[in-house]
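Architecture at a glance
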Amino acid sequence: MKQAQHTHVPIAARLIERTDLSEDTTLFRIAPEERALAELSSFVPGQFVQLSVPGAGEIPISPADLPAPDGTLELCVRRVGHVTELLHKQRPGAKLGIRGPFGSGFPLREMAGRPVLLLAGGLGIAPLRSLLMHLLRQRNRYGEITLMYGAKQPRLMLFREELTALAAEGGMRLYLTVDFAPETAEGNHSCAIGLLPDLLKGFRFDAATTYAAVCGPPPLYRCLVADLERAGVAAERILLSLERRMRCGVGRCCHCGLGQKLCCVDGPVFRAGELKGIPEAL
Ligand SMILES: Cc1cc2nc3c(=O)[nH]c(=O)nc-3n(C[C@H](O)[C@H](O)[C@H](O)COP(=O)(O)OP(=O)(O)OC[C@H]3O[C@@H](n4cnc5c(N)ncnc54)[C@H](O)[C@@H]3O)c2cc1C
Ligand code: FES
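Residues numbered from 1 in each chain as written. Chains lettered and ligands numbered in written order. Predicted model: local features only at pLDDT ≥ 70, side-chain atom pairs only at ≥ 80, totals over all residues. Heavy atoms only, no water.

What follows covers the environment of Glu236. Checked against the element boundaries, Glu236 lands in the loop between helix H7 (218–231) and strand E12 (238–241). In this structure Glu236 comes out as partly exposed when scored by relative accessible area, which is 43%. Considered as a pair, Glu236 and Met111 are 125 residues apart in the sequence and their alpha carbons are 12 Å apart. Excluding residues that lie within four positions of it along the chain, Glu236 makes contacts with Arg271, Gly273 and Glu274. (Helix = DSSP H or I, 4+ residues; strand = E, 2+ residues; numbered from the N terminus. Buried < 20%, exposed > 50% of the residue type's maximum accessible area, 1.4 Å probe, protein only. Contact = heavy atoms within 4.5 Å.)

The next point concerns the pattern of salt bridges. Under the defined criterion, the tally for this structure stands at 16 salt bridges. Among the ionic pairs, Arg271 bridges to Glu110, the shortest N-O distance being 2.8 Å. Taken together, the positions of Arg271 in strand E15 (residues 269–271) and Glu110 in helix H3 (residues 108–111) put the pair 161 residues apart, joining distant regions of the chain. Residue Arg271 is classed as buried on the basis of its relative accessible area, which comes to 16%. (Salt bridge = Lys/Arg side-chain N within 4 Å of Asp/Glu carboxyl O.)

This next bit is on unusual backbone geometry. Put simply, Gly100 and Pro101 share a cis peptide bond, and its omega is 10°. Tracing the backbone shows Pro101 in strand E6 (residues 95–102). Of the consecutive residues Gly267 and Pro268, the connecting peptide bond is found in the cis state with omega at 10°. Counting through the fold element by element, Pro268 comes out in the loop between helix H8 (263–266) and E15. For Phe159, which is not a glycine, the phi torsion comes out positive at approximately 60°. You can see Phe159 is positioned in the loop between strand E8 (145–151) and helix H5 (160–168).

What follows is about the sheet that holds strand E9 (residues 173–178). Strand pairs in the sheet, formed through backbone hydrogen bonds, run parallel or antiparallel to each other. Strands sit in the order E10-E9-E8-E7-E11-E12-E15 across an open sheet of 7 strands; the sheet is mixed. Looking at strand neighbours, the two that pair on one side only are strand E10 (192–193) and E15, the edges of this open sheet. In this structure, strand E11 (residues 211–215) lies alongside E12, joined through 3 bridges in parallel fashion. Bridging across to E12, Ala212 finds its partner in Ile238. (Pairing = 2+ DSSP bridges.)

The pairing of E8 with E9 spans 6 bridges and is parallel. Of the residues in E9, the one forming a bridge with Thr146 is Arg173. With H5 bridging E8 and its parallel neighbour E9, the resulting β-α-β unit is right-handed. The sheet contact formed by E9 and E10 spans 2 bridges and is parallel. (Right-handed = clockwise from strand over helix to strand, strands pointing away.)

Have a look at this one:
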């Protein structure tokens, strides 16, 4: 897996566009200064950047796509606390800062030629979207691509129209589920009702060769790892994108410890196999 180049000084970036995806989650398109572009162009899906909001602080975010040809970057951010609250108040033109990319991404070379099963719960679709976009753009290099995505309810499902349109193009299989759907909810069709692990039950796939990429809320991981292993997917091919509170992002402050590992440099993408001896990891 790729290791990030270390840098401690944020480079200026401007917010150029924002699109609200749900009541608390927004897709921000930012344009970093030109001197950040070479490093950002090395971004591998699964890595993260440190985004700074002047006057508030810095937060780790996994870009929701690879940098666009013009160097702009999409970050899908949920409003949960101090920094994200202030970020959500910013309007196009606002000055931000960016460092990175950091950490390990998905092992794309190893995954080439293999089927890939993406399992996203809630906001977990944001980091997995960059992997999905990469797989679809390089469609011929990979085996069958399947995305299973679960949200609490239909109005909290992110990128739904985009995902449905991508699936209609034929490059991937898409399974959507919601925990519950109020009777009056908009657009419930084509969405199962149930938890994400329910989608795996009875799903027929080539477990001996499939790579599974998982990102979602913490309780999901144990359950999905057990289900995937029971189905025959080796722990080395189960890739988990984990979150920990971070500060430096480059392995210096030990804020993001996971047993003997550091989430920011050894992860955030880990193989389920390498976490087996670290009970607090999942
Ligand atoms: C590698 C990585 C990638 C991430 N990618 C995304 C992304 O694509 N989109 C996105 O919206 N968020 C992402 N996050 C989470 C994001 O960094 C946090 O939501 C953010 O740091 C919260 O900052 P805040 O100041 O707004 O909240 P705070 O005021 O610091 O905290 C608000 C609440 O969120 C909890 N919290 C804060 N940070 C974390 C964390 N890292 N893990 C678990 N709980 C936390 C706090 O305990 C508290 O309850 C990612 C985190 C990591 C480590
Ligand atoms: S965030 Fe400082 S060591 Fe990981």
